[in-house]
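Chain residues, written in single-letter form:
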Amino acid sequence: MRKLLFLNFLLICAITHAQKIDISTASKFITADGLKEHLSVIASAEMQGREAGTEGERKAAAYLISQYKKFNLKPGFNGNYKLPFTLYQDVAATSELKINGEPATLDEDYWTNASYLPTNALKTNAIIYVGSEFNEKTKLDVKGKILVATENEENSLRKVAAAQKLGAAAMIIVSKTNTNAPSANTGRPRLAQKPTGFSYFKVTKSFGSKLVGGSKAYSDQEWSEIPKGIYTTNIEWKVEQHAKEMPSANVIAYLPAKEKTDEYLFITSHYDHEGIKNGVIYYGADDDGSGTASVVAIAGAFANAAKQGFVPKRNIVFMNVSGEEKGLLGSKYYSEHPVFPLEKTTADLNIDMVGRIDPTYNGDSNNYVYIIGEEKISSDLQKITNSINNEAGHLEIDRRFNDPNDPNRFYYRSDHYNFANKGVPVLFYFNGTHRDYHQPSDTIEKINFDLMEKRVRFIFKTAWEIAMKDEMLKRDMPLDMPGR
Ligand SMILES: [Zn+2]
């Protein structure tokens, strides 16, 4: 009896200790001024637009790490705050193309794109002409084949992507307009060390007629009458190329749990942006300086709460990824090389653009946030969001972009997607776009820090709630849901 009493006494002490700081008091550590302080470093000229693989990115990473160290958070990757990865970018040096033995002149008869170069050479004596309509649903065995399509109104790269997806070896597009930009000599950065080898080039209508047995340039009318099918054509395309290596890194730190030490809650942003183009800095204050300053501020608030006795039930991981602007590459790398098991990751709360107002928003524009993706994997998330907001947030929660038919497809356009793709419940916080989106004019003086403070406190409270839940969020939504 005495012993039990003593145990109860200990328990009460522990509870009192844990309750030294409550969620509302803790959230007040996040302030408009504090957010501004972080963002004025992150979106400064010194960071040179933070392009992945550049000095600006490394400076931004150094700032983030300095903050996580100051907060006494643990390094997230083998004792390091950086999770390094390499981006590869193909650079074309020379290109020689012959069709039926006749040499073509680059940028006159044909155009190349360094994202789609053959590994050494492309050689064939047959092609399949598919006409102007070609997409993923085309019922044709194209595996390993070289396809020729004529250009129509849609972006030709859609046909290229479809051909690649269906396993073709190459796609040649016969240009409709012949007013093509010069060949792109540098490709899109990628994660894989080896290029896919999938080839693509564009050719003029006149030179392209050789691909389908023509001995003269075909008119538009003649092109439209050419039967689809296999043609005997000799193609020889030789390129010299190399891959430029660009070291990059995600920044990762965490607040350790005492209870559920093998479970994790992620809070993410991308800290890279567009860098410098034609001598002009793209500051990316909103995109995604705002999300990055938010993650740092949330980390600071949790660290402060921890000092005052708060211990999260599960680990809270703060990750700022790079390479988002190159195609969500930093988060893709993480999702393919997770440091913490994804099946033990209860959720990813991703913050990408939370400092501005969407001019088309027609509610209380000083008091809203768009929420995207919460209904895709776990039915728990929406309930948590609503209950936090009813108790303490009082923001206008706008879920319009969850509509799978929304043409913006925002759900697929930030880093949470790579978590969702692996089955981790996600929530994406977003302010919508504006005229400065991806412009050099996305600068700090346009940020609304009072509104940002409301949003970030709300995200903090949501994170707290998820970190303290007895169970991980259940993953109960059907995987074949449209838009998933
Ligand atoms: Zn962004």
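Residues numbered from 1 in each chain as written. Predicted model: local features only at pLDDT ≥ 70, side-chain atom pairs only at ≥ 80, totals over all residues. Heavy atoms only, no water.

Chemist: I tried to follow the packing of helix α3 (residues 32–42) against helix α12 (residues 449–468) on my own but got confused; where do I start?
Modeler: Two quantities define a packed helix pair, namely the angle between the axes and the distance from one axis to the other. With their axes 8 Å apart at the nearest point, α3 and α12 run at an angle of 105° to one another. Relative to α12, the element α3 is oriented roughly perpendicular. Of α12, the residues touching α3 (which contributes Ala32, Leu35, Lys36 and Leu39) are Phe449, Asp450, Met452, Glu453 and Val456. A class-by-class count of the residues in the contact of α3 with α12 yields six nonpolar, no polar and three charged. (Axes fitted to C-alpha atoms, helices over the stretch in contact; angles between N-to-C directions. Helix = DSSP H or I, 4+ residues; strand = E, 2+ residues; numbered from the N terminus. Parallel < 35°, antiparallel > 145°, perpendicular 65-115°, else oblique. Contact = heavy atoms within 4.5 Å. Nonpolar A, V, L, I, M, F, W, Y, C, P; charged D, E, K, R; others polar.)

Chemist: How do you make sense of the environment of Gly79 when you look at a structure like this?
Modeler: Tracing the backbone shows Gly79 in the loop between β1 (74–75) and β2 (82–99). Given the relative accessible area of 54%, Gly79 is considered exposed. Sequence separation between Gly79 and Asp109 is 30 residues, and the spatial gap between their C-alpha atoms is 54 Å. (Buried < 20%, exposed > 50% of the residue type's maximum accessible area, 1.4 Å probe, protein only.)

Chemist: What should I look at first to understand the coordination of the zinc ion in this one?
Modeler: When four donors bind a metal tetrahedrally, each ideal donor-metal-donor angle is 109.5 degrees, and when six bind octahedrally, the ideal angles are 90 or 180 degrees. Around the zinc ion, the donor atoms from the protein are His270 (NE2), Asp287 (OD), Asp352 (OD) and Asp352 (OD), and they sit 2.0 to 2.6 Å away. For the zinc ion, the donor residues sit on a single chain with the sequence spacing H-x16-D-x64-D. Here the residue His270 occupies a position in strand β10 (residues 260–270), and Asp352 occupies one in the loop between β14 (345–351) and β15 (368–372), the gap between them amounting to 82 residues. Classification of Asp352 by relative accessible area gives buried; the value is 4%. (Donors = N, O, S within 2.8 Å, 3.2 Å for Na, K, Ca; no water.)

Chemist: Help me understand the side chain of Asp272 in this model?
Modeler: Structurally, Asp272 is set in the loop between β10 and β11 (275–277). Buried charge without a salt bridge: Asp272, with Lys326 as the nearest opposite-charge side chain at an N-O distance of 6.7 Å. One polar contact links the side chain of Asp272 to the main-chain amide nitrogen of Glu325, over a distance of 3.0 Å. Setting aside residues up to four positions removed in sequence, Asp272 forms contacts with Arg50, Ala52, Val321, Ser322, Gly323, Glu324 and Glu325. (Lys, Arg positive; Asp, Glu negative; His and termini not counted. Salt bridge = Lys/Arg side-chain N within 4 Å of Asp/Glu carboxyl O. Polar contact = N/O pair within 3.5 Å; in protein donor to acceptor, adjacent residues only side chain to side chain.)

Chemist: Got a minute to help me understand the domain arrangement of the protein in this structure?
Modeler: Buried accessible area, meaning the area lost when the parts come together, often serves as the stated size of an interface. Under the domain assignment used here, the protein contains domain 1 (21–88 + 245–468) and domain 2 (90–244). Distance from the C-alpha centre of domain 1 to the C-alpha centre of domain 2: 40 Å. Facing 11 residues of domain 1, the contacting portion of domain 2 comprises nine residues. When the buried area of domain 1 at its contact with domain 2 is split by residue, Tyr88, Glu245 and Lys326 rank highest and sum to 63% of it. For the pair domain 1 and domain 2, the interface holds zero salt bridges. Taken together, the links from domain 1 to domain 2 amount to two residue pairs in polar contact (both at pLDDT 80 or more). Looking at the side of domain 1 that touches domain 2, the elements with two or more residues in it are β2, β9 (229–255) and α9 (329–336). Top element by residues in the side of domain 1 that touches domain 2 is β2. It accounts for four residues. (Domains from an automatic or database assignment. Buried area = accessible area lost by both parts, 1.4 Å probe.)

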